[in-house]
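A closer look at the structure
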Amino acid sequence: MKKMLAVSVLALALGACAQAPNEPATTGHAAMTANRAAPALDGTTLSAYDWRLSDAADSQGRPVAALRAGLEQPLRLSFSDTSLNVSGGCNSQFGGYTLASGALTVQGLAGTMKACAPALMQLDTEIAARLKGRLAAEVQGGADAPRLRLTTAGGDVLTFTGTPTPETRYGGPGEIVFLEIAPERAACSHPLMPNHRCLRVRERRYDASGVIQQPAADWQLLYQPIEGYEHQEGEHTIVRVKQFTDPHPPADRSSRVYILDLVVQRSI
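Residues numbered from 1 in each chain as written. Predicted model: local features only at pLDDT ≥ 70, side-chain atom pairs only at ≥ 80, totals over all residues. Heavy atoms only, no water.

**Topic: the overall build of the protein**
In terms of helices and strands, the protein carries four helices and 17 strands. For the protein, the proportion of contacts with a sequence separation of at least 24, taken over those separated by at least 6, is 63%. A total of about 14200 Å² of accessible surface is found on the protein, and carbon and sulfur atoms cover 53% of it. (Helix = DSSP H or I, 4+ residues; strand = E, 2+ residues; numbered from the N terminus. Contact = heavy atoms within 4.5 Å. Areas by Shrake-Rupley, 256 points an atom, 1.4 Å probe, with all protein chains shown as cover.)

**Let's talk about the state of the cysteines**
What the rule picks out here adds up to two disulfides. Sequence-ordered numbering of the disulfide-bonded cysteines in the protein gives the connectivity 1-2, 3-4. (Disulfide = S-S within 2.5 Å.)

**Some remarks on the nonpolar core**
Across soluble globular proteins, you tend to see nonpolar side chains buried next to one another. Among the nonpolar cores identified, the biggest contains 27 residues, and Leu77, Phe79 and Leu150 are the most heavily contacted of them. Elements supplying a minimum of two residues to this core: β2 (49-57), β3 (76-79), β4 (83-87), β6 (103-106), α3 (118-130), β8 (133-140), β9 (147-151) and β10 (157-164). One finds Val177, Val201, Val239 and Val241 within the second-largest nonpolar core, a separate group that totals eleven residues. (Core = buried A, V, L, I, M, F, W, Y, C linked by side-chain atoms within 4.5 Å. Buried < 20%, exposed > 50% of the residue type's maximum accessible area, 1.4 Å probe, protein only.)

**Re the side chain of Asp156**
Looking at where Asp156 falls in the secondary structure, it is placed in the loop between β9 and β10. For Asp156, a relative accessible area of 12% gives the class buried. Polar side-chain contacts of Asp156 include one of 2.8 Å to the side chain of Arg130. With near-sequence residues (within four places) excluded, Asp156 lies in contact with Ala57, Asp58, Ser59, Val64, Arg130, Leu150 and Thr151. (Polar contact = N/O pair within 3.5 Å; in protein donor to acceptor, adjacent residues only side chain to side chain.)

**Focus: the pairing of strand β13 (residues 197-204)**
When you tally the buried positions in β13, you get six out of eight residues, the bulk of the element. Note: strand β11 (residues 175-181) against β13, four bridges, orientation antiparallel. What sits directly across from Glu180, in β13, is Arg202. As paired strands, strand β12 (residues 186-187) and β13 are joined by two bridges and run antiparallel to one another. Of the residues in β13, the one forming a bridge with Ala186 is Cys198. In this sheet, strand β14 (residues 220-222) lies alongside β13 in antiparallel orientation, the contact comprising three bridges. (Pairing = 2+ DSSP bridges.)

**What about the environment of Arg52?**
Here Arg52 is to be found in strand β2. Here Arg52 falls in the partly exposed class, since its relative accessible area comes to 32%. The spacing of Arg52 and Ser78 is 26 residues in sequence and 9.0 Å in space, taken between C-alpha atoms. Excluding residues that lie within four positions of it along the chain, Arg52 makes contacts with Pro74, Leu75, Arg76, Thr159, Phe160 and Thr161.

**Some points on the pattern of salt bridges**
Note that side chains of opposite charge can pair when their charged atoms are close. Scanning the entire structure with this criterion turns up twelve salt bridges. Arg204 is paired through a salt bridge with Glu180; the nearest N and O atoms lie 2.6 Å apart. Within this pair, whereas Arg204 is found in strand β13, its partner Glu180 is found in strand β11, the two being separated by 24 residues in sequence. Judged by its relative accessible area of 10%, Arg204 is buried. Through salt bridges with shared partners, a single ionic network connects Glu126, Arg130 and Asp156. (Salt bridge = Lys/Arg side-chain N within 4 Å of Asp/Glu carboxyl O.)

**Looking at the side chain of Glu203**
If you trace the backbone, Glu203 turns up in strand β13. Side chain to side chain, Glu203 and Arg205 meet in a polar contact 3.4 Å long.

**Re the packing of aromatic side chains**
Under the counting rule described, the total for this entry stands at four aromatic pairs. Geometrically, the ring pair formed by Phe79 and Tyr97 is edge-to-face, given 5.2 Å between the ring centres and 80° between the ring planes. In this pair, Phe79 is assigned in strand β3 and Tyr97 in strand β5 (residues 93-100), connecting sequence segments 18 residues apart. Tyr97 matches Phe79 in its accessibility class, with the two residues each being buried. Taking 4.9 Å as the distance between ring centres and 70° as the angle between the ring planes, the aromatic pair formed by Phe178 and Tyr206 counts as edge-to-face. Linking Phe178 in strand β11 with Tyr206 in the loop between β13 and β14, this pair joins segments that are 28 residues apart in sequence. As far as burial versus exposure is concerned, Phe178 and Tyr206 are alike and both buried. One cation-aromatic arrangement involves Arg200 over Trp219; the distance from NZ or CZ to the ring centre is 5.5 Å. (Phe/Tyr/Trp six-rings, centres within 6.5 Å; stacked < 30°, edge-to-face > 60°. Lys NZ or Arg CZ within 6 Å of the ring centre and 35° of its normal.)

**With respect to the environment of Pro173**
By the secondary structure assignment, Pro173 is in the loop between α4 (166-170) and β11. Accessibility expressed as a relative area gives 65% for Pro173, which makes it exposed. Sequence separation between Pro173 and Phe244 is 71 residues, and the spatial gap between their C-alpha atoms is 8.0 Å.

Shown next, in the form of structure tokens:
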């Protein structure tokens, strides 16, 4: 009998369908061109990157011990045009923000209410205490790896290193797709990896009420990974992914890119 490990999150936004996974392409890969110009401090720059906490020092340059766990986890910031999300502690925290005259003003953080280890819950408290009100802000470094420096009212300096979001890397918002992943991998012919075993997937759809529909296609082999997803053998999974097109895919992969957005359901 299946034991449900996570509740299906069916009320979340449902995406449009996409083409089925395909065989790996054979064209070469072109890396992102590094841009050494410092990005502007604006909403476009903030939302173009995922920001990972890479340093936390007090006004005297000493490490902030209360945020050490945030360096190890690590804590991350993500932005839309008007909202901020903090992840990496126990709970996701979110709130509005504005930018003006070299300052980031956070308009109060709310958060989810799950319980975790005390250290992670304390980390939520510590970062929320610092990410509030007006913070002096600046962006340093080049566009390939910028750094966001925030100085709190108490003088702590928080440095976040930016990694381009998938939307930035692939030049668009991507397409939401739900994939069902079979419990066991299957042997597949990979041009660069002998004895490779691929995930078996098929697309799933939900109706407007959040009820899952019958699968419209058979299981297919997925030759490329799903970024952010780690498969456990014997575990049946449904995931929500963002699908992008890489114009310059590596030699051993399809031009189609899947990035994990949400684990909808797990069972064994």
